[in-house]
Amino acid sequence: MKDLKLIKNYHSSVNEKILFCFPYAGGGASAFREWISGLDGVIDVCPIQLPGREERICENGYTDMKKLALDISDTIEDIVENRECYFYGHSMGGKIAYETALELSRRGKKIHHMFISGCEAPHVEISNKIYDLPDEEFCSEIINFEGTPKELCQNKELFKFFLPLLRADFTLAETYCSKKCSPLDCPISVMYGTEDREAEYEAVKEWKPYTRKSFDITSFEGGHFFIKSEMENIWKNMLSRMKVAYVKVR
């Protein structure tokens, strides 16, 4: 059953290429607002909007990766069949993108290229899991994650409001681990931050066996959220692999 609320910014277009963007834990479609405007006329950018955030804040978030991949696949498989589709996922989004591409491949649908940043390979166990900690300890650990607004954990009421979303996302990301390496029939390009403590080179290079096609890895200066400071360079890196030379300057 299609859940059209899972896709943002989808519309009929003369552009054959479409990029689906999968969010990091705690993130929503608005994280890709600049991607939509900055790549306008180059490629259609469609963020995946998970429940539990932004306009879907009152809905329960996903905690089961397989179920999420099924629902996204149900929603976009016709688009994947009829257009030149690319996936991009950062951190948790990389794992969602992979599982969705895997489910689509089981249905005979193939994406053209997978782009992943700041994300360890599916079989790499996450150490120091926090998803099931008591609230106070969970809050303390969240503060240590790069990109977490300090206001969130300084304001108890605000943290309480966002707690279900954060719990769901960290459960989704931290309980997912693929014991079997199932390679995709599309190239995989991995990007990582040289100062990222959450997804270091040794963990991200392990994506190589997950494709039967080409694999490449590119480093960028910065920590886990290098995707913000290096945004335009990331676009250039991705578009060159899509055989699109032009990048609109913001």
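Residues numbered from 1 in each chain as written. Predicted model: local features only at pLDDT ≥ 70, side-chain atom pairs only at ≥ 80, totals over all residues. Heavy atoms only, no water.

Enquirer: Got a minute to help me understand the pattern of salt bridges in this structure?
Expert: It is possible for side chains of opposite charge to pair when their charged atoms get near one another. For the coordinates displayed, the defined rule picks out 23 salt bridges. One salt bridge in this structure joins Arg 83 and Asp 44, with 2.8 Å as the shortest N-O distance. Of this pair, Arg 83 sits in the loop between helix 2 (65-82) and strand 3 (84-90) while Asp 44 sits in strand 2 (residues 44-47); the two residues are 39 residues apart in sequence, bridging distant segments of the chain. Across the pair, Asp 44 and Arg 83 agree in class, each one buried. Among the charged side chains, a salt-bridge network with shared partners connects Asp 74, Glu 77, Glu 103, Arg 106, Arg 107 and Lys 109. (Salt bridge = Lys/Arg side-chain N within 4 Å of Asp/Glu carboxyl O. Helix = DSSP H or I, 4+ residues; strand = E, 2+ residues; numbered from the N terminus. Buried < 20%, exposed > 50% of the residue type's maximum accessible area, 1.4 Å probe, protein only.)

Enquirer: What's the story with the pairing of strand 5 (residues 188-193) in this structure? I'm lost.
Expert: When a strand is regular, its side chains alternate between the sheet's two faces. Extensive coverage of strand 5 is indicated by the burial of six of its six residues. Side chains Ile 188, Val 190 and Tyr 192 project from strand 5 onto one buried face, and the interleaved Ser 189, Met 191 and Gly 193 project onto a second face that is buried too. Where strand 4 (residues 113-117) meets strand 5, four bridges bridge the pair, whose relative direction is parallel. When the bridges of strand 5 are listed, Ile 116 appears paired with Val 190. (Pairing = 2+ DSSP bridges.)

Enquirer: Is there a simple way to think about a negative patch on the surface in this case?
Expert: A cluster of acidic side chains, namely Glu 146, Glu 195, Glu 198 and Glu 221, defines a negative patch on the protein surface. If you trace the backbone, Glu 146 turns up in the loop between helix 4 (135-143) and helix 5 (150-154). For Glu 146, a relative accessible area of 33% corresponds to the partly exposed category. (Patch = residues over 30% accessible without salt bridge, like charges linked within 9 Å, V, L, I, M, F, W, Y side chains within 5 Å. Areas by Shrake-Rupley, 256 points an atom, 1.4 Å probe, with all protein chains shown as cover. Lys, Arg positive; Asp, Glu negative; His and termini not counted. Charge placed at Lys NZ, Arg CZ, Asp CG, Glu CD.)

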